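One letter stands for each residue in the lines below.
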Amino acid sequence: MSDLANVYQLFRSKFEDYDFQYYYPPTYIRMITESKDKIIFAFKEKHGATGTNSDMPMKSSPGNGSLSDNLNLAGSPLKDELRNAQELELSNGLAEVVLQKCWTSEEEAFGPLDTEEARSILQKFINLDCKVGQGDIWALCSGTDSDRTVLLQLAVNSDANDHRKFVRGVVRSTGVHACDSVQMAQLIDIHRQRANGMKFGQKIYIRQWYTICPHITLRLSWHTIGENACFSFERNAHIRLSQRFPVNGGEAFSGKPPADYFWRQLQRLAMMKDKILDIRANRESGYATDDICADGLTEMNLEYVKQKVNNILSTFISVQPTNFVHTYIAEMVELVRFRNLTDVMERLYDALTLCPNYDDLKAAIDYIFHLSTHSNIVNVPTTGTRFAQLILAMIQDRLAIPSLTPSEPYELLLECGFAKLMNDYRLIFAECGIYELEFEKLFQPQPTNTRKSRYASAVPQSMEMGAGKGKGSLFQPIEVTRSEKSILLSNFDEEEAKTKLNRLTQVHLLLEHLLSLETYVKIPSIYGRVCEVYLAQRPLSYGEVYTRDTDLLELDVNEFQLMDMVKKQVPYGRRVSMSSSNLLQKMETVFLQYGQPILPDCFFPESMQENIPSKTETYWCYEYDKIERL
């Protein structure tokens, strides 16, 4: 963990001619170091450039991502895949993901310092004898010196006795090279020369990134020993699969089968929730229902809805159960979408969503209550929603017809909509044999404080319910009597509705990921693991989905079939790490080869862009040396 707040203020007061930022590292530093700790970053702000001010936090990629989150899928080793993008009929959003730069637009506002200036700043800090702070200081350099230095690092570590230790690091750009010209023996020789007689550590760590398709990548990690090491990955390599689904602010779900139907159902539920809040806040916009009409159908007048409701409740209908025979997830999605509805409340829900306005919706629900009280209902609802309980209670006990308050028609409808959509998703996952969705657990709010005293944890639940009710005792048991006739009409909880909406959004994103994996990867044995990993994450809010370009799925897998899919490919990225040491110091060198520059090319000198034939697969190559005194 870094702690450089005081050092940051020192830099700003001592070196006023330069710009500094104390925040999470830029994308390219994370790619090189694989560290996400906060750093002090020295640069010169480019005047007129679009980006954040140097004192403002820099926009960063998702904090829970790893190196494979940030590596871009573009670059010369992917020329063939990019040419095939049109053949795969990828969406415009997916093409944007493929061509995304390795840095953010805000990072283009960071201008480089002269290399000697950067060295001078770091050396002056060492001479200041500042004994507070722990973490990394980085300076962005222009790369115009003979070594092509693009980044300088100074890591500060103070022990318990305020003795400071420094680790120096330097990142050099070695230009553009043909992929087949980069050899492991050459990298070992470079490291040995710089280690200057230190004992070479035999263990070499290698990571290589491959593309299964433009938005699905595979990272293979392993270590090898000895001078004869090579880049051929081993069968015991650690495999990490990454997929970026192009959300494009929700556009990916609109009109694009097979799962678009379920996304529209989710949108309808979100609109209902908003209407309930509008009505409770006395906003007129809550009383319009034209935007929750059932998909593929036009709004119908009240008499049509009443007739449909009457048929659902009072007419014997022979419904043949759907035979869910399928081969693929996509087929199962289509079967569930067009399945015969056998549940009474699901059929009533579909009928009520045809109402063109609030008054007709309320009148249709009142009509259902009248039928339940005065008619012979042959199709009795069995689900546990409040709407079903009300109908059943009126059928059995001849209860008085309840009077609905303004928002209650939507509240009853919302609960039925949630139940139907949950049932749809359960059927898809269960019938495919992928995963058993336990919505009861998924809907549970995350505890904010799980610690309890031993005494409190031993108190019976019945006594906790009576706490504070008696005068002579701290805990007094109370008798809870619940009449079957007392069914709450209004039971809307905004936070509960948001939780359900967010989790169902997460389930839908998971379904989209699975459909993509089924199309491009075709290894069903990983689907269950995908569900476990993805649903264990904190769900995005429904609104957050509309602000995202892509949604990341990343997990470790063990299927060696994935290796077979990429064994003939040229990796689009590679990271090689090796080290040497003696009694006084340790030197580590990281070699990074990548299919495109990882630093903004707006300040690269032309001399870095060497002449390589256009049809040759190329790497932009970087070397990161880190020296630590022991």
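Residues numbered from 1 in each chain as written. Predicted model: local features only at pLDDT ≥ 70, side-chain atom pairs only at ≥ 80, totals over all residues. Heavy atoms only, no water.

The name given to the chain in an unreviewed UniProt entry is Protein zwilch, with Anopheles atroparvus as the source organism. On record in UniProt, under Function (unreviewed entry), the comment for the chain is "Essential component of the mitotic checkpoint, which prevents cells from prematurely exiting mitosis. Required for the assembly of the dynein-dynactin and MAD1-MAD2 complexes onto kinetochores. Its function related to the spindle assembly machinery is proposed to depend on its association in the mitotic RZZ complex." Note on the chain: under the UniProt heading Sequence similarities (unreviewed entry), the record states "Belongs to the ZWILCH family." (UniProt positions renumbered as here; feature names shortened; annotations may be inferred.)

**Student:** How should the environment of Leu414 be read in this particular structure?
**Tutor:** The residue Leu414 is located in helix 14 (residues 408-431) in this model. When the C-alpha atoms of Leu414 and Tyr349 are compared, they prove to be 9.1 Å apart, with 65 residues separating the residues in sequence. If we skip the residues at most four places from it in the chain, Leu414 touches Leu269, Met272, Lys273, Ile276 and Phe492. (Helix = DSSP H or I, 4+ residues; strand = E, 2+ residues; numbered from the N terminus. Contact = heavy atoms within 4.5 Å.)

**Student:** Explain the packing of aromatic side chains to me, please; I cannot follow it from the model alone.
**Tutor:** For any two aromatic rings, the description comes down to two numbers: the centre-to-centre distance and the angle of the planes. For the structure on display, the rule yields 24 aromatic pairs. Taking the centre distance of 5.5 Å and the plane angle of 40 degrees together, the rings of Phe11 and Phe15 count as tilted. Take Phe11: its relative accessible area is 1%, and that puts it in the buried class. Among the residues examined, Phe15 registers a relative accessible area of 10% and is labelled buried. Seen from their ring centres, Trp138 and Tyr624 are 5.9 Å apart, and the 40 degrees between their planes marks the pair as tilted. With Trp138 in strand 4 (residues 135-140) and Tyr624 in strand 14 (residues 618-629), this pair connects stretches of sequence that are 486 residues apart. The class for Trp138 is buried, based on a relative accessible area of 1%. With a relative accessible area of 6%, Tyr624 lands in the buried category. (Phe/Tyr/Trp six-rings, centres within 6.5 Å; stacked < 30°, edge-to-face > 60°. Buried < 20%, exposed > 50% of the residue type's maximum accessible area, 1.4 Å probe, protein only.)

**Student:** Help me understand helix 14, please; the structure alone is not making it clear to me.
**Tutor:** Under the 1.5 Å per step criterion, the end-to-end length of helix 14 is 34 Å for 24 residues, consistent within 8% with the ideal 34 Å. Of the residues flanking the end of helix 14, it is Gly433, one or two places downstream, whose phi is positive at about 70 degrees. (Expected span 1.5 Å × (residues − 1).)

**Student:** Explanation requested: the nonpolar core in the structure shown.
**Tutor:** Formed by 120 residues in total, the largest nonpolar core has its most connected members in Phe387 and Phe429. The biggest single contributor to this core is helix 14, with 12 residues. Those residues in contact with Phe387 that sit more than four places away from it in its chain are Met345, Leu352, Ile365, Ile368, Phe369, Leu412 and Cys416. Counting 26 residues, the second-largest nonpolar core is a separate cluster that includes Met31, Trp138, Val590 and Tyr622. (Core = buried A, V, L, I, M, F, W, Y, C linked by side-chain atoms within 4.5 Å.)

**Student:** Please clarify how the environment of Ala363 should be interpreted in this entry.
**Tutor:** As for its position among the elements, Ala363 is in helix 12 (residues 358-374). Through-space distance from the C-alpha of Ala363 to that of Val305 is 10.0 Å; in sequence the pair is 58 residues apart.

**Student:** Explain the pattern of salt bridges here, please?
**Tutor:** Where charged atoms from two side chains of opposite charge approach closely, those side chains can pair. The final tally for this structure, using the stated rule, is 24 salt bridges. Here Arg240 ties to Glu554 by a salt bridge, and the two come within 3.5 Å at their closest N and O atoms. With Arg240 in strand 10 (residues 238-246) and Glu554 in strand 11 (residues 550-557), this residue pair connects regions lying 314 residues apart in the sequence. Each member of the pair, Arg240 together with Glu554, is buried. Across the pair Glu494 and Lys498 runs a salt bridge, and its minimum N-O distance is 3.4 Å. (Salt bridge = Lys/Arg side-chain N within 4 Å of Asp/Glu carboxyl O.)

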